[in-house]
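Notes for the structure review
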Amino acid sequence: MSKPKRPPKPIEPLTARQKRDLKTMGIFLLVVVGGMGLFFVAMLIWNEPDFPQEIAESTPHSIFETDDGRPGSWEYLDENLETHPLGECVRIDGWRNQRPFQCTSADESHVFTFRDPGGHTGGGFQDEALTVDGRDVPIECTLENDWDALIYCAPLSAIPSPEARGR
């Protein structure tokens, strides 16, 4: 003879403490999973710098920020790839905070002009321009990928196109 089956034990409703603990755990898991998802999405769409710093360090007429600040200290590479300091950067004509800075080398062969938006566009520059011995050299500036990021600029002729960079 077999034992008689017991009726199943009725499911008891959750207590207030169990409901609160369940809700807390759900929120915690949502934050962790959501944060990890955001991190992975950011890693997928994160752009590397527009050009590697090595290009700027090996190209004549490149400009380097050597001391961060407003407007900072700058150096340039000459035709022989020797570095020379640019003179003190001064504000030139324009509207109040929109006035561009201009840095001129001691021999006045290199004139670097830029407008610093004061961190409003991710720390980059606007309207950067370089004049070498009276002729304009198209230039592009970018930030290093360091915590204490400095800006460096290279002539556009030395920077690979986005297609060549694999974008």
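All of these numbers come straight from a predicted model, not from anything done at the bench. (Residues numbered from 1 in each chain as written. Predicted model: local features only at pLDDT ≥ 70, side-chain atom pairs only at ≥ 80, totals over all residues. Heavy atoms only, no water.)

Describing the side chain of His 61
Following the sequence through the fold, His 61 ends up in the loop between α2 (53-57) and β1 (63-67). A relative accessible area of 8% places His 61 in the buried class. Of note is the side chain of His 61, whose polar atom sits 3.0 Å from the side chain of His 110. (Helix = DSSP H or I, 4+ residues; strand = E, 2+ residues; numbered from the N terminus. Buried < 20%, exposed > 50% of the residue type's maximum accessible area, 1.4 Å probe, protein only. Polar contact = N/O pair within 3.5 Å; in protein donor to acceptor, adjacent residues only side chain to side chain.)

Description of the state of the cysteines
Applying the stated criterion across every chain, the model contains two disulfides. Residue Cys 89 pairs covalently with Cys 103 via a disulfide, S to S 1.8 Å. Residues Cys 89 and Cys 103 are joined by a disulfide whose S-S torsion is about 105 degrees; by sign, that bridge is right-handed. Highlighted residues: Cys 89 in the loop between β3 (83-85) and β4 (90-91) and Cys 103 in strand β5 (residues 101-104), separated in sequence by 14 residues. Each member of the pair, Cys 89 as well as Cys 103, carries the same accessibility label: buried. Each sulfur in the disulfide pair Cys 141 and Cys 153 lies 2.0 Å from the other. Measuring handedness by torsion sign, the sulfur bridge of Cys 141 and Cys 153 sits at about 100 degrees and is right-handed. Residue Cys 141 is found in strand β9 (residues 139-143), and its partner Cys 153 is found in strand β10 (residues 151-155); the two are separated by twelve residues along the sequence. Assessed through its relative accessible area of 13%, Cys 141 is described here as buried. (Disulfide = S-S within 2.5 Å.)

By themselves these figures say nothing about function.
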